[in-house]
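Fold and geometry: a report
For reference, the chains in residue letters:
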Amino acid sequence: MLFQHVPVVATLLAAAVIEVAALPKRAQQSLGKHRVTNIELGPRPYYLVDNMEAGPLKDRLGACSEDAMRPTKFSISHRGGACLQFPEETVESIMAGTRMGAGIQECDVAFTKDRQFVCRHDQCDLHTTTNIVATELGAKCTQPFTPASAANGTAASAKCCTSDLTLAEFKTLCGKMDGFNASATTPEDFLHGTPGWRTDLYATCGTVLAHKEFIALVDGLGLDFTPELKAPAVPMPFEGGDYTFEAYAQQLADEYREAGVDFARVYPQSFQFAAVRYWLEHEPAFARQAVLLDESGDRAGLEAAVANLTRYKDAGVNIVAPPLPYLVELDGANAIVPSRYAREAKRLGLQIITWSLERSGPWPPSTRRDRRAALIITTRLSSTPRPATATFTGSSTCWRARWALWASSRIGRLRLRTMLTAWGF
Ligand SMILES: *[C@@H]1O[C@H](CO)[C@@H](O)[C@H](O)[C@H]1NC(C)=O
Ligand SMILES: *[C@@H]1O[C@H](CO)[C@@H](O)[C@H](O)[C@H]1NC(C)=O
Ligand SMILES: *[C@@H]1O[C@H](CO)[C@@H](O)[C@H](O)[C@H]1NC(C)=O
C-alpha cells in the first residue's frame, strides 16, 4: 500500500555497494515456487525486543521468542513484504515476505504501453526502483535522465513510467532498492542513493513481475492476493484510444478470472473510489472483498472522512482502509480510544484494514509522534469486530502481530496505558 515518498538525499554507503548497473542481465527465473512452510523471521524481532526497556511488555514479547512461527492472513505483505531489505514488487521480495509469514501478498498494479499489468508501486517510479536510466530503455522515459548541475543549482532527475515501455521491455529491467542520487552526473550514479535504513545486500537484480506472473507465483505458494489498482499517472483513455479507466479496472477482475482464481482469495484495493464503485456495479463478486483505501481525511479533515463512510456503505463497500491515525484519539484522561472514524465504521458494519505501521524510517520509531502512530494500531485492533489486518513494510511481522494481539487483550490495554503515560502521551 502506501509508503511515504521522501525525496532521498544521496547517502554515502559503506564500502561494499553492489553496482546495480554493472549487473548481468537477469536469467529468467522459474516462477514455480513450492509452498513455504518453514516460517523464519530472521534476527530482527529478537533484536528489537532485546533493545526494549525492561518491563512487562518486553517480558511478554520475549516469551514467544522460541515459538514456532506460521503463516497468517493477519500479515499482509507490502510491496512483497520485505522492501526494507529486498527490491520491492519483485519475486525476491515476495519470497522474503512469504518466508516471514505473509498470508496475503500485494502487487501494486500499473499498466504498460501495450496495456499489460505489471507490479510497481507507482506507474512512474521506474527511475528510482529499477536500473532503467542506465540501460538503453532510459531513452524511452517520459523524462530521460538529466544530470545534476552545480552551475544551475538543479538536482539530477528522471521520470520513467511503466506506460513508457512494453511488457517485454519492462521485463528486461532489474528491480533495485527505491532511491536515487540527487547529485548524480551520470546515469550509473543516479542508481545509487538507497536510504541508510534500507540495504543493498539483496539488490542483485530483482526479478520484476507481470501481474499474471504474480498471480501464478502467489497461487503456487497457496497464499491470497491483494492487488492494488494504482491511480493512472497519464490521462485516460490512454493515448486517446479506447483504454478507459473502466477498461483498466475491468482488466483486474479479468486477470483473476482468466487465471481461475476464486474471488474469495482476492482483496482488490484502490484509493480510487471510482474503481471500487466500478467493481461494485460490474463485478459484484470481485467487489465483495474490495478494499477502499481512504485518505480523504488528509485533504478535507477527519470529519469529512467520517461523513464519507456513509457514502461508501451506501455504495456497497464492505472494507475501508484508512491510515492508522484516523482510527484512534485520546479521551479526556489521555487514554487511547477508538476515533469517531473507527466508531462510525463499526456502526455501519464496515470492516477495517489499516496502514502503515512504519511510514518513514527505522523501527523502533524515534519520535514521539511515530511511537504514538505505532501504538495506535493496538486500540484499533480491539475496536473492530473481526481480527483486523495490517500491512507491514518490515521484517518482523510476527513480533508486531503478537504485540498487537497482546495489546488488544484487557491486560494488554491496561499495560499499554501505563506505557503511554511513561512515554508522555
Ligand atoms: C543549465 O541551464 C542552461 C540554461 O537553461 C541549460 O542550457 C543547460 O543545459 C543546463 N545544464 C544542465 C547540466 O542542466
Ligand atoms: C552521487 O553522484 C555523484 C556525482 O555523480 C557522485 O560523486 C557520488 O559518488 C554519488 N553518490 C553515490 C552514493 O553513489
Ligand atoms: C469525501 O469527502 C471529500 C470532502 O468532503 C469529498 O470531496 C469527496 O468527494 C468525498 N468522497 C466520496 C467518495 O464521497
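The name an unreviewed UniProt entry assigns to the protein chain is glycerophosphodiester phosphodiesterase, from the organism Apiospora rasikravindrae. Recorded in UniProt for the protein chain, the comment headed Sequence similarities (unreviewed entry) runs: "Belongs to the glycerophosphoryl diester phosphodiesterase family." According to the UniProt record, the Catalytic activity (unreviewed entry) comment for the protein chain reads "a sn-glycero-3-phosphodiester + H2O = an alcohol + sn-glycerol 3-phosphate + H(+)".

In the region of ligand 3, the neighbouring residues are F273, S296, A300, A304, N308 and R311. Those elements that provide at least two residues to the shell around ligand 3 are α11 (296-300) and α12 (302-315). Broken down by element, the residue count for the shell around ligand 3 peaks at 3 residues, all from α12. Each residue belonging to the shell around ligand 3 can be placed in one class, and the counts come to 3 nonpolar, 2 polar and 1 charged.

In this chain, M236 is followed by P237 through a cis amide linkage whose omega measures 0 degrees. The phi torsion at R115 lies on the positive side, around 60 degrees, for a residue other than glycine. You can see R115 is positioned in the loop between β2 (102-111) and β3 (117-119). Look at R115 and you get partly exposed, because 16 C-beta atoms sit within 10 Å. Phi at C205 is positive, roughly 80 degrees, even though this residue is not glycine. Relative to the elements of secondary structure, C205 occurs in the loop between α6 (187-190) and β7 (206-207).

Rules used throughout
Residues numbered from 1 in each chain as written. Chains lettered and ligands numbered in written order. Predicted model: local features only at pLDDT ≥ 70, side-chain atom pairs only at ≥ 80, totals over all residues. UniProt positions renumbered as here; feature names shortened; annotations may be inferred. Near = placed C-beta within 6 Å. Helix = DSSP H or I, 4+ residues; strand = E, 2+ residues; numbered from the N terminus. Nonpolar A, V, L, I, M, F, W, Y, C, P; charged D, E, K, R; others polar. Buried ≥ 20, exposed ≤ 12 C-beta atoms within 10 Å, placed from the backbone.

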